[in-house]
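The chain contents come next:
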Amino acid sequence: MDLRIFTEPQQGASYDTLLTVAKATEDLGFDAFFRSDHYLRMGSGDGLPGPTDAWVTLAGLARETKRIRLGTLMTAATFRLPGVLAIQVAQVDQMSGGRVELGLGAGWFEEEHKAYGIPFPKEKFGRLEEQLEIVTGLWRTELGETFDFHGRFYDLTDSPALPKPAQDRIPVLIGGHGATRTPRLAARFADEFNMPFAGVEESGRQFARVRAAAEEAGRGADDLVLSNALVVCVGKDDQEVARRAAAIGRDADELRANGLAGTPSEVVDKIGRYAEIGSRRLYLQVLDLSDLDHLEQISSQVQSQLS
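Student: Please explain the environment of Phe30 as it appears in this structure.
Tutor: With respect to the secondary-structure elements, Phe30 resides in the loop between α1 (15–27) and β2 (32–35). Taking the relative accessible area as the measure of exposure, Phe30 reaches 0% and is therefore buried. It is 26 Å that separates the C-alpha atoms of Phe30 and Gln206, two residues lying 176 residues apart in sequence. The residues touching Phe30, leaving out its near neighbours within four places in the chain, are Leu3, Ile5, Thr25, Arg67, Ile68, Leu295, Ile298, Ser299 and Gln303.

Laid out in structure tokens, this is it:
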């Protein structure tokens, strides 16, 4: 089971804070540092010092880390034109020496679009599908050849399809709760399917749909990496769990039910239940970015037991 650190910088984090967490992620032996792609905080709080752009952040981290994978859960298709996104991600992949992964989703948070003047179209899923066709098509076009795409939402003619990523294939992540279209889209384009913030039973049902869709698309049922994203809150005892839960405005019992919360032994046991349904990777949503002791505790007392 890979453990990856997943942050939500729109809630309030500077680049320097993210760099500190990313370096701790690397030093403590975690597999990857991922971040959300949002421009507006959610819920209470002031969100200071303001949003950071996902791919600008990852470009900086690409030059200041050496081992960890870097990526998004999820880049919003509404934020970027697909040709521009393909260039950005390929460039950051080059800057990192081939450590980038692209999570791409339709976009859903209408308020942030209004706040920053970003169009919020009604038909988002069709745009996402075309973006996936374009981005992956640009990357796999051979050097010296051109790429064309004529769809409902986007039109590309004689694109040189440059630059190329450092990796032969940048892993693409698709995720979500949709029962029909989402698994089919993952089966067509994804290397990994991520189930966000769901329990073991719900995740198991969705994983079964993804496996079935992969087989219908002519792929093996186990071709896709299956993963979960869950909020994490670990403490040496109930008091520390409660303190860390309160620091992020959550209830410890609620987090035990809906996330990865509790003592290290409790969390390891719950991770085992996700592993039983086929999850091979967990994105640990860390909401208090100032609590580096939390990361150290997860590394030394949870991750160590998994290996």
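What follows picks up the thread again.
Student: Would you explain the layout of surface pockets in this entry?
Tutor: The method is simple in principle: a probe with the dimensions of a water molecule rolls over the atoms, and the space it marks as empty is what remains. Reported here for the second largest pocket is a volume of approximately 250 Å³. What lines the second largest pocket is Thr136, Trp139, Arg140, Lys164, Pro165, Gln167, Asp168, Arg169, Ile170, Val172, Arg188 and Phe189. Put simply, the parts of the chain that give the lining of the second largest pocket at least two residues each are α5 (125–140) and α6 (181–189). Its residues assigned to classes, the lining of the second largest pocket shows five nonpolar, two polar and five charged.

Student: Where do I start with the side chain of Arg35 in this structure?
Tutor: Inspection of the secondary structure assignment puts Arg35 in strand β2. Of the side chains with opposite charge, Asp37 comes closest to the buried, unpaired Arg35, at an N-O distance of 5.4 Å. Within polar-contact distance, the side chain of Arg35 engages the side chain of Thr52 at 2.7 Å. Setting aside chain neighbours within four positions, we find Arg35 in contact with Phe6, Thr7, Pro9, Leu18, Thr52, Asp53, Ala54, Thr57, Leu58, Gly71, Thr72 and Leu73.

Student: Looking at this structure, how should I read empty space enclosed by the protein?
Tutor: This model, assessed by the stated rule, comprises one cavity of 30 Å³ or more. By volume, the largest cavity is sized at about 80 Å³. Taken together, Val232, Cys233, Arg244, Ala247, Ile248, Val286, Leu287, Asp288, Asp291 and His294 form the lining of the largest cavity. Contributions of two or more residues to the lining of the largest cavity are made by β10 (225–234) and α8 (238–247).

Student: How do you make sense of α1 when you look at a structure like this?
Tutor: Since one α-helical turn is 3.6 residues long, residues separated by three or four positions face the same way. An ideal rise of 1.5 Å per residue puts 18 Å on 13 residues; α1 measures up with 18 Å between its terminal C-alpha atoms. Those residues of α1 that fall on the buried side of the exposure criterion are Leu18, Leu19, Val21, Ala22, Ala24, Thr25 and Glu26. On the buried face of α1, the contacting elements are β1 (2–7), β2, α2 (54–64) and α11 (292–306). Within two residues after α1, Gly29 carries a phi angle of roughly 85 degrees, on the positive side.

Student: Looking at this structure, how should I read the nonpolar core?
Tutor: Nonpolar side chains tend to gather and get buried jointly when the protein is soluble and globular. Within the largest apolar cluster, 69 residues are counted, with the highest numbers of intra-cluster contacts made by Trp55 and Trp139. Residue contributions to this core peak at seven residues, all from α5. Other than its neighbours up to four places away in sequence, Trp139 contacts Ala86, Val89, Ala90, Leu102, Lys164, Pro165, Ile170 and Val172. Judged by nonpolar contacts, the second largest core, of eight residues, contains Val231, Cys233, Ala252 and Leu255.

Conventions used here
Residues numbered from 1 in each chain as written. Predicted model: local features only at pLDDT ≥ 70, side-chain atom pairs only at ≥ 80, totals over all residues. Heavy atoms only, no water. Helix = DSSP H or I, 4+ residues; strand = E, 2+ residues; numbered from the N terminus. Buried < 20%, exposed > 50% of the residue type's maximum accessible area, 1.4 Å probe, protein only. Contact = heavy atoms within 4.5 Å. 1 Å grid on protein atoms, 1.4 Å probe; cavity = no way out; pocket = protein on both sides within 12 Å on 5 of 7 lines; lining within 4 Å. Points joined across faces, edges and corners; volume = space filled by probe spheres on them. Nonpolar A, V, L, I, M, F, W, Y, C, P; charged D, E, K, R; others polar. Lys, Arg positive; Asp, Glu negative; His and termini not counted. Salt bridge = Lys/Arg side-chain N within 4 Å of Asp/Glu carboxyl O. Polar contact = N/O pair within 3.5 Å; in protein donor to acceptor, adjacent residues only side chain to side chain. Expected span 1.5 Å × (residues − 1). Core = buried A, V, L, I, M, F, W, Y, C linked by side-chain atoms within 4.5 Å.

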